[in-house]
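Understanding the architecture of this molecule
Given next are the chains, with one letter for each unit.
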Amino acid sequence: MTLAVVFLGGDGTDYAERPPPPALAPWVHAAWSLRARRPIDLRVLPDGCIDIIAGRVVGPFTSAIVVPVAAGGEVSGLRLRPGAFTALTGVPASELVDLTVPVEELLGRRARLAALAADADAPDPLAEAAMRARDLGALARDAGYSPRHLRRRLLLATGLGPKRLQRIGRMQRALTAGRGESWARTAVEQGWHDEAHMANDVGALAGATPHALLGTPAA
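As a starting point, this report considers the structure included with it. What you are looking at is a predicted structure, and each value in this text was computed from that prediction instead of being measured. (Residues numbered from 1 in each chain as written. Predicted model: local features only at pLDDT ≥ 70, side-chain atom pairs only at ≥ 80, totals over all residues. Heavy atoms only, no water.)

**Observations concerning the packing of helix α4 (residues 125-132) against helix α5 (residues 136-143)**
Two measures define how a pair of helices packs: the angle their axes make with one another and the distance between the axes. Two numbers describe how α4 lies on α5: the axes approach to 10 Å, and their chain directions differ by 150 degrees. In terms of orientation, α4 lies roughly antiparallel with respect to α5. Like other packed secondary-structure pairs, α4 and α5 cross with a definite hand, here right-handed. The residues of α5 that touch α4, namely those facing Leu-126, Ala-129 and Ala-130, are Leu-136, Leu-139 and Ala-143. Tallied by class, residues from the contact of α4 with α5 come to six nonpolar, no polar and no charged. (Axes fitted to C-alpha atoms, helices over the stretch in contact; angles between N-to-C directions. Helix = DSSP H or I, 4+ residues; strand = E, 2+ residues; numbered from the N terminus. Parallel < 35°, antiparallel > 145°, perpendicular 65-115°, else oblique. Left-handed = near helix turned anticlockwise from the far one by under 90°. Contact = heavy atoms within 4.5 Å. Nonpolar A, V, L, I, M, F, W, Y, C, P; charged D, E, K, R; others polar.)

**What about the side chain of Asp-47?**
One can find Asp-47 in the loop between β3 (40-44) and β4 (51-53). Setting aside anything within four residues of it in sequence, one finds Asp-47 in contact with Val-5, Arg-79, Met-131, Ile-168 and Gln-172.

**Digging into the packing of aromatic side chains**
With the rule as written, the count across this model stands at one aromatic pair. Centre to centre, the rings of Phe-7 and Tyr-15 are 3.9 Å apart; their planes meet at 10 degrees, and the pair counts as stacked. We classify Tyr-15 as partly exposed; its relative accessible area is 26%. (Phe/Tyr/Trp six-rings, centres within 6.5 Å; stacked < 30°, edge-to-face > 60°. Buried < 20%, exposed > 50% of the residue type's maximum accessible area, 1.4 Å probe, protein only.)

**Points about the pattern of salt bridges**
Proximity of charged atoms lets side chains of opposite charge pair with each other. Enumeration over the complete set of coordinates arrives at eleven salt bridges. Notably, a salt bridge pairs Arg-153 with Asp-124, separated by 2.5 Å at the nearest N-O pair. Pair noted here: Arg-153 is in helix α6 (residues 147-158) and Asp-124 is in the loop between α3 (113-118) and α4, with a separation of 29 residues, a long-range link. Exposure remark for Arg-153: the relative accessible area of 24% places this residue in the partly exposed category. Among the residues examined, Asp-124 registers a relative accessible area of 15% and is labelled buried. A salt bridge links Arg-132 to Glu-128; its shortest N-O distance comes to 3.9 Å. Taken together, the residues Arg-132 and Glu-128, both in helix α4 and four residues apart, mark about one turn of the helix. The class for Arg-132 is partly exposed, based on a relative accessible area of 36%. Members of the salt-bridge network, linked through shared partners, are Glu-17, Asp-47 and Arg-79. (Salt bridge = Lys/Arg side-chain N within 4 Å of Asp/Glu carboxyl O.)

Keep in mind these numbers describe shape, not what the thing actually does.
Next up, the structure:
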């Protein structure tokens, strides 16, 4: 299943993603670029990923952040897959949660992604599996771990616990899919009890309801 990551820039932005070179595909989700055609306050939602932007490592978010971008402002970066930064560097993602750190402070000046990937393991597959999981207990059992061991493993790989990864993945899928036939149906299809449960959960992560984020009616 493709990793879902929604972009909320709206009509005032030019945004593009391109896939990584095949040699980097196990670790890099996408290279992205953004240009603002007018001043915007860009809401960036948690996605379980670590990004590299302008020589800085942007750790995993636990909730949304709002970034002001001036008219004509341009930003580009690499979005790594969940668990990829730790697999590439050995740096525990738990040390980077909600932080932005210069790359050279973590890896030195000579670090190159292609060189790191040449000797790296693939990202922990449980990272994206937790984002897709409906039943975290079943995920732990299928992996042969206790819930506590699963949590430790995911904190190391992604900086986030299994429940938060599950919630983030569900939110990203719902917002990527959009309202569809109705938000009530989207809520049930994605594993919430009902539309109110979805609105409260997404609101806690994103700072707004799905209806407000996508500019669609609630009913």
